[in-house]
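# Residue-level structure breakdown
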Amino acid sequence: MVPSRPWTLSDNGPEDGTPGSTNGLRGRKRDLTEGGIRVPGLLEWPAKIKSHRVVETPIVSSDLMPSFLELVEGKMPDDRPVDGKSILDIINGVSTNRSAPIGFAYHIPGDFDKSYYCAWVDNQYKIFASCQGGKVAKSYLYDLTKDKAETTDLSDKFPDIAKAMVSQLNSWLKSVENSAKNESGCYQVKTSYMEI
């Protein structure tokens, strides 16, 4: 059974110089800190969700396609990488954890040699990093369950977690770079961006 009402997601973060609040989170639109990427979402599905509940698990819009495909017993495309994962277990209350982290990178598409920001969000922890040449250059580890405002870098306290997450982020960045270069067989989107 497919949701009969819309699944609504907010746009990422309030714009500088405009009304809008991050409710104390660090950053704003175009930042990969929580104030730029953490947004509310709403799913109304009376046939499946019987009572109101709040889900704190990180979810991203690229999770929608895999979730809908699983719902209708469809097949995931195998001709390109897909970042999203089905979140039906989270919706159904079977799990409170996502099955894979979420990657973010903010840069001019196709230009991986310049500096840019990237992030890797798991169920509890987040790596926020500056990246250069498709790799993490400097990173910070935050516990989003205790520090949503990202005030305390835990890299020195939990070096094994930080190292593992940076390694995962570097692998994901390589996949993104390959996709942008069309080396993975996926579809390359032609867009034009204005440098700001």
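Here, the structure is the one placed above.
The following refers to the structure shown. (Residues numbered from 1 in each chain as written. Predicted model: local features only at pLDDT ≥ 70, side-chain atom pairs only at ≥ 80, totals over all residues. Heavy atoms only, no water.)

## Comments concerning the layout of surface pockets
Any empty space left between atoms is shown by rolling a water-sized probe over those atoms. Put simply, the rule reads: Here a cavity is any set of points on a 1 Å grid over the protein atoms alone where a 1.4 Å probe fits but cannot get out, and a pocket is any open set with protein on both sides within 12 Å along at least 5 of 7 lines; a residue lines the site when it has an atom within 4 Å of a point. Grid points are joined across faces, edges and corners, and a volume is the space filled by probe spheres set on the points. Note on residue classes: Ala, Val, Leu, Ile, Met, Phe, Trp, Tyr, Cys and Pro are nonpolar, Asp, Glu, Lys and Arg are charged, and everything else, Gly too, is polar.
Looking at the second largest pocket, its volume works out to about 230 Å³. Surrounding the second largest pocket, 16 residues form its lining, Val55, Glu56, Thr57, Pro58 and Thr96 being those nearest its centre. Residue composition of the lining of the second largest pocket, by class: five nonpolar, seven polar and four charged.

## Examining the side chain of Glu150
Just so we agree on the cut-off: Strands are runs of DSSP state E lasting at least 2 residues, helices are runs of H or I lasting at least 4, and numbering of each runs from the N terminus. Two residues qualify as a contact provided that any one of their heavy atoms is within 4.5 Å of a heavy atom in the partner residue.
Note on placement: Glu150 falls in the loop between β6 (135-143) and α4 (159-180). When residues no more than four places from it in sequence are discounted, the contact partners of Glu150 are Arg26, Thr33, Glu34, Lys126, Tyr142 and Leu144.

## A few points about the environment of Val39
Tracing the backbone shows Val39 in the loop between α1 (34-37) and β2 (41-43). In sequence terms Val39 and Ser10 are 29 residues apart; their C-alpha atoms lie 5.7 Å from each other. In this structure Val39 touches Ser10, Asp11, Asn12 and Gly13, once residues within four positions along its chain are discounted.

## Observations concerning the sheet that holds β6
One key point about sheets: their strands pair by backbone hydrogen bonds, in either a parallel or an antiparallel sense. As a reminder, the rule being used: Should DSSP find at least two bridges between two strands, the strands are regarded as paired. Only the contacting stretch of a helix is used when fitting its axis, a line to C-alpha atoms as for every element, and angles between N-to-C directions run 0 to 180 degrees.
The strand order across the open sheet formed by four strands is β3-β4-β5-β6, and the pairing between neighbours is antiparallel. If you trace the sheet from one side to the other, it starts and ends with β3 (102-106) and β6, each paired once. Between one strand axis and the next, the sheet turns through 20 degrees on average, direction left out of account.

## Digging into the state of the cysteines
Just so we agree on the cut-off: We call a pair of cysteine sulfur atoms a disulfide when they lie within 2.5 Å. Buried, partly exposed and exposed residues are distinguished by accessible area as a fraction of the type maximum, computed with a 1.4 Å probe on protein chains only: under 20%, between the cut-offs, and over 50%, respectively.
All chains considered together, the criterion is met by one disulfide. Paired through a disulfide, Cys118 and Cys131 show a sulfur-sulfur distance of 1.9 Å. Separated by 13 residues along the polypeptide, Cys118 in strand β4 (residues 116-121) and Cys131 in strand β5 (residues 125-132) bring together distant segments of the chain. Judged by relative accessible area, which is 0%, Cys118 ranks as buried.

## Describing the pattern of salt bridges
Threshold: A pairing counts as a salt bridge when a side-chain nitrogen of Lys or Arg comes within 4 Å of a carboxyl oxygen of Asp or Glu.
Tallied over the entire structure, the rule returns seven salt bridges. For Glu34, the salt bridge identified is with Arg38, shortest N-O distance 2.8 Å. Residue Lys126 pairs with Glu150 through a salt bridge whose shortest N-O separation is 2.8 Å. Separated by 24 residues along the polypeptide, Lys126 in strand β5 and Glu150 in the loop between β6 and α4 bring together distant segments of the chain. With respect to burial, Lys126 and Glu150 carry one shared label: buried.

## Digging into the nonpolar core
Stated precisely, the cut-off is as follows: Residues belong to one nonpolar core when they are buried, are Ala, Val, Leu, Ile, Met, Phe, Trp, Tyr or Cys, and are joined through side-chain atoms within 4.5 Å.
In terms of nonpolar packing, the biggest core is built from 16 residues, with Ile127, Val136, Leu169 and Leu173 touching the most fellow members. Element by element, the count of residues in this core is highest for α4, at six residues. One finds Ile37, Ile102, Ala119 and Phe128 within the second-largest nonpolar core, a separate group that totals 10 residues.

## Section: the packing of aromatic side chains
For clarity, the threshold we go by: Only centres within 6.5 Å qualify two rings of Phe, Tyr or Trp (six-membered ring in Trp) as a pair; their planes then separate them into stacked at under 30 degrees, edge-to-face at over 60, and tilted for everything else. Counting as a charge over the ring demands two things of the Lys NZ or Arg CZ atom: a distance within 6 Å of the ring centre and an angle within 35 degrees of the ring normal.
In this structure the tally under the stated criterion is three aromatic pairs. A ring pair is formed by Tyr117 and Phe128, whose centres lie 5.6 Å apart and whose planes are at 10 degrees; its orientation type is stacked. Of this pair, Tyr117 sits in strand β4 while Phe128 sits in strand β5, and the two are 11 residues apart along the sequence. Take Tyr117: its relative accessible area is 45%, and that puts it in the partly exposed class. When the ring of Trp120 is compared with that of Trp172, the centres are 6.0 Å apart and the planes differ by 45 degrees; the resulting orientation is tilted. In this pair, Trp120 sits in strand β4 while Trp172 sits in helix α4, placing the two residues 52 residues apart along the sequence. Residue classification places Trp120 among the buried positions, given a relative accessible area of 7%. On the accessibility criterion, Trp172 (13% relative accessible area) is buried. Over the aromatic face of Trp45 sits the side chain of Lys48, whose NZ or CZ is 6.0 Å from the ring centroid.

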